[in-house]
Amino acid sequence: VLRDPRADAPNSAADGQHLAFYQQEFTLKAARNAGLEVVEESLTVEQAISADELVIASTTQDIVPVVKIDDKPIGNGIPGKHADLLNREFRSFTT
């Protein structure tokens, strides 16, 4: 969940989710390198829907922007500046 200048990331251990360690590490590092304050916490669907931008981390697609949930637009309904920046930062670690 992106709200400039902050990135709220799910705390995978607390949520019972386990994103591959390197994926989570690189995603959070990319957010910090992009100048975002990273906060790991449990997130709700409502927080995701009200975000300025929303991204998901994928082991096959890297950082993927999410533009709507249940037909409700996230932000202005198009990928934002942070999604592209996070993807570039992430790929600088992995390529």
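Above: the structure in question.
Residues numbered from 1 in each chain as written. Predicted model: local features only at pLDDT ≥ 70, side-chain atom pairs only at ≥ 80, totals over all residues. Heavy atoms only, no water.

## Some details on the pattern of salt bridges
Stage number 1. For the structure shown, the criterion picks out three salt bridges.
Stage number 2. Between Lys 68 and Asp 71 there is a salt bridge, and its shortest N-O distance comes to 3.9 Å. For the pair Lys 68 and Asp 71, a shared accessibility class is recorded, and that class is exposed.
Stage number 3. One salt bridge connects Arg 88 with Asp 84, and the closest N-O pair in it is separated by 3.3 Å. Pair noted here: Arg 88 and Asp 84 are both in helix α4 (residues 81-94), with a separation of four residues, about one helical turn. (Salt bridge = Lys/Arg side-chain N within 4 Å of Asp/Glu carboxyl O. Buried < 20%, exposed > 50% of the residue type's maximum accessible area, 1.4 Å probe, protein only. Helix = DSSP H or I, 4+ residues; strand = E, 2+ residues; numbered from the N terminus.)

## Some remarks on the packing of aromatic side chains
Stage number 1. The final tally for this structure, using the stated rule, is one aromatic pair.
Stage number 2. A ring pair is formed by Phe 26 and Phe 90, whose centres lie 6.1 Å apart and whose planes are at 75°; its orientation type is edge-to-face. In this pair, Phe 26 sits in helix α2 (residues 21-33) while Phe 90 sits in helix α4, placing the two residues 64 residues apart along the sequence.
Stage number 3. What makes Phe 26 partly exposed here is its relative accessible area of 21%. (Phe/Tyr/Trp six-rings, centres within 6.5 Å; stacked < 30°, edge-to-face > 60°.)

## Examining the nonpolar core
Side chains that are nonpolar tend, in soluble globular proteins, to be buried together.
Stage number 1. Membership of the largest hydrophobic core is limited to eleven residues, which are Leu 28, Ala 30, Ala 31, Ala 34, Leu 36, Val 38, Val 55, Ile 63, Ala 83, Leu 86 and Phe 90.
Stage number 2. Counting six residues, the second-largest nonpolar core is a separate cluster that includes Ala 48, Ala 51, Val 66 and Ile 69. (Core = buried A, V, L, I, M, F, W, Y, C linked by side-chain atoms within 4.5 Å.)

Nothing here speaks to function; it is all geometry.
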